[in-house]
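Here is what each chain is made of, one letter per residue.
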Amino acid sequence: MDNYEKLEKVGEGTYGKVYKAKDRSTGQLVALKKTKLEMDEEGVPPTALREVSLLQMLSQSLYVVRLLCVEHADKRNNTDGKPKPVLYLVFEYLDTDLKKYIDSHRKGPNPRPLSHTLIRSFLYQLCKGVAHCHSHGVLHRDLKPQNLLLDKDRGILKIADLGLGRAFTVPMKSYTHEIVTLWYRAPEVLLGSTHYSTGVDMWSVGCIFAEMVRRQALFPGDSEFQQLLHIFRLLGTPTEKQWPGVTSLRDWHVYPQWEPQNLARAVPSLGPDGVDLLSKMLKYDPAERISAKAALDHPYFDSLDKSQF
C-alpha cells in the first residue's frame with residue numbers, strides 16, 4: 001500500500017472505509033475501499049475472490065465504476081501483535097454522486113430542476129449499466145443515488161458498490177450507524193420474498209428516475225412497514241389479480257385498501273413517454289417489470305443521441 005498516498009477519508013461505505021488516494025507512480029486519483037474481509041491462514045475466502053473477479057469483469061463497462069486492482073496489506077493486530085491481512089479494492093475516483101448532484105439542484109444558492117436532457121441521458125446510462133450486469137447474471141440489489149457516481153465534466157454516470165452483497169454480507173446498519181435506506185427497495189424484498197430476480201434492480205431504477213424528476217424521493221419510508229405504505233398509497237394496495245402470489249409472501253399482512261393514484265401527478269414535469277416508462281418500472285408483479293435491455297428501446301429515449309453511448 002506504499003504505492004498510494006491517502007489524501008482523505010471520503011466515507012464509510014457499507015463494506016468499510018473509503019479513502020481518496022493518489023497513485024504515487026502515476027499521480028492518478030483512486031478510491032481505496034478497505035474491506036472488512038479478514039483473511040485467514042488460507043488467504044482470501046473463495047467467495048470473495050469470485051466477487052472480485054466478477055467485479056473486474058463487469059467493470060469493463062463504461063457505466064460501472066472501474067476496479068483497477070486489488071491490493072492486500074498487513075495490519076498489525078493490537079491483541080496478539082500478529083499481522084492481519086486486509087484487502088483493499090482500488091477503484092477509479094469520481095468526485096460526486098447522483099445524490100449530491102440532486103441535492104445541489106434542490107438546495108444551495110441556485111435551486112433548479114435537472115434538465116430533461118440530462119435526466120434522459122443519466123437514466124439511459126443507468127439502464128445500460130444495469131443491463132450489462134444482468135446479462136452477466138449479477139444483481140446489484142442496492143441501487144440508490146449514493147451508489148451512482150458521476151463524472152460531471154464528461155456527463156457520465158457509473159454504478160458503484162456492485163455485487164459485494166454476497167461475499168461481504170450486507171449489514172442492516174452501515175458503519176456510521178446510518179440505517180441502510182429502504183427507499184429504493186422493491187416490494188417483493190420488503191414483503192420477505194426469498195426468490196427475487198432482476199426486477200429488484202428495475203424497481204430501484206424507477207425510484208431513481210422519479211427522484212431525478214422530483215428532486216425528492218418518491219417513497220421515503222423510515223421502516224419496512226412505512227415503506228410499503230408509501231408504495232401502496234401511490235400505486236394502490238396490490239391484489240392477487242395484479243400480482244399472483246403476493247398474499248402468500250412471508251411478511252404479507254392485511255393492509256388498508258388504497259386505490260391507485262395517477263402516477264403522472266407524482267412527477268408533474270415528466271411527459272407521457274416518461275410516465276409510461278416509469279409505470280413499467282414500477283409494476284407490482286416483478287415478472288411484468290420492464291427489463292433494463294427493453295427499457296433502452298423505450299420511446300422515452302427516442303430523442304436521445306444514442307451514438308454517444
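Keep in mind it's a predicted model, so treat the numbers as computed, not measured.

Enquirer: Requested: an account of the overall build of the protein, with residues and values cited.
Expert: The secondary structure content of the protein amounts to eight helices and eight strands. Each principal axis of the C-alpha atoms in the protein carries an extent, and together these give about 65 × 45 × 35 Å. Out of the 309 residues belonging to the protein, those deemed buried represent 50%. Within the protein, contacts between residues at least 6 apart in sequence are counted, and of these 63% link residues at least 24 apart. Accessible surface, the protein as shown: approximately 15,500 Å² in total, 50% of it carbon and sulfur.

Enquirer: So what's going on with the environment of D2? Which residues, and what values?
Expert: For D2, the location among the structural elements is in the segment before strand 1 (4-13). Judged by relative accessible area, which is 69%, D2 ranks as exposed.

Enquirer: Describe the packing of helix 5 (residues 199-214) against helix 7 (residues 272-281), with residues and values.
Expert: Axes are the key here: two packed helices are described by the angle between their axes and the distance separating the axes. Relative orientation of the contacting elements helix 5 and helix 7 amounts to 145°, with a least axis distance of 8 Å. Crossing hand, helix 5 versus helix 7: left-handed. Counting all contacts with helix 5, which are made through M202, W203, V205, G206, F209 and A210, the residues of helix 7 involved are G274, L277, L278 and M281.

Enquirer: Outline the domain arrangement of the protein, listing residues and values.
Expert: How big an interface is tends to be stated in terms of accessible area lost as the parts join. The domain architecture assigned to the protein consists of domain 1 (4-92) and domain 2 (96-308). Placing a centre on the C-alpha atoms of domain 1 and another on those of domain 2 gives a separation of 28 Å.

Enquirer: Just give me the short version of helix 1 (residues 46-58), but keep the residues and values in it.
Expert: Helical geometry: 3.6 residues make up each α-helical turn, so side chains three or four residues apart lie on a common side. For helix 1, with 13 residues, the first-to-last C-alpha span of 18 Å sits near the 18 Å given by 1.5 Å per residue. Listed in full, the buried residues belonging to helix 1 are A48, E51, V52, L55 and L58. The buried residues of helix 1 occupy one face: seen down the axis, they fall within an arc of 125°. Away from its buried face by more than 90 degrees, helix 1 exposes P46 and R50. Looking at the buried residues of helix 1, the elements they touch are strand 4 (67-76), strand 5 (83-92) and helix 3 (116-135).

Enquirer: Would you mind going over the pairing of strand 5 in detail, with residue names and values included?
Expert: With eight of its ten residues buried, strand 5 lies for the most part within the structure. Two elements, strand 3 (residues 29-34) and strand 5, share five bridges in a ladder whose sense is antiparallel. Residue K34 lies in a different strand from strand 5, and its bridge partner there is Y88. Inspection of the sheet shows strand 4 paired to strand 5 by nine bridges, in the antiparallel sense. Bridge pairing in strand 5 places K75 opposite K84.

Enquirer: Give a detailed account of helix 6 (residues 224-235), specifying residues and quantitative values.
Expert: Relative to the 16 Å expected for twelve residues at 1.5 Å per residue, helix 6 spans 17 Å between its end C-alpha atoms, a close match to the ideal helical length. Turning to helix 6, its buried residues are Q227, L228, L229, I231, F232, L234 and L235. On its buried face, helix 6 is in contact with helix 4 (187-190) and helix 5. Remark: G236 follows helix 6 within two positions and exhibits a positive phi of approximately 90°.

Enquirer: Can you lay out the pattern of salt bridges for me, pointing to particular residues and giving the numbers?
Expert: This structure, assessed with the given rule, holds twelve salt bridges. The salt bridge involving K100 is made with D97; its shortest N-O contact spans 3.8 Å. Residue K100 is classed as partly exposed on the basis of its relative accessible area, which comes to 49%. For the salt bridge of K280 with D276, the shortest nitrogen-to-oxygen distance reads 2.7 Å. Pair noted here: K280 and D276 are both in helix 7, with a separation of four residues, about one helical turn. Look at the salt bridges and you will find they share partners, linking K99, D103, R106 and K107 into a network.

Cut-offs and rules
Counting restarts for each chain, with residues numbered from 1 along the sequence as it is written. The predicted nature of this model means local features are confined to residues of pLDDT at least 70 and side-chain atom pairs, given and counted, to a pLDDT of 80 or more, with totals for whole chains, interfaces and linings taken over all residues. Side-chain figures throughout are based on the complete set of non-hydrogen atoms in the structure, without hydrogens or water. Each helix corresponds to a stretch of at least 4 residues labelled H or I by DSSP, and each strand to a stretch of at least 2 residues labelled E; elements are numbered beginning at the N terminus. Only protein chains enter the accessibility calculation, which uses a 1.4 Å probe; a residue whose area is less than 20% of its type maximum is buried, one above 50% is exposed, and one in between is partly exposed. By the convention used here, residues are in contact when the closest approach between their heavy atoms is within 4.5 Å. Reported accessibility uses the Shrake-Rupley method at a 1.4 Å probe radius. Residues are deemed covered only where the shown protein chains occlude them. In this analysis an axis means a line fitted to C-alpha atoms, helices contributing only their contacting stretch, and an angle means the value between N-to-C directions, from 0 to 180 degrees. By definition, any crossing whose near helix is turned counterclockwise from its far helix by less than a right angle is left-handed, and any crossing with a clockwise turn is right-handed. Reported domain spans reflect what an automatic or database domain assignment gives. For a helix, the expected span equals 1.5 Å multiplied by the residue count minus one. Throughout, the arc means that of the directions going from the helix axis to the C-beta atoms. In this analysis, strands are considered paired if DSSP registers two or more bridges between them. Note on definitions: salt bridges are taken to be side-chain nitrogens of Lys or Arg within 4 Å of carboxyl oxygens of Asp or Glu.

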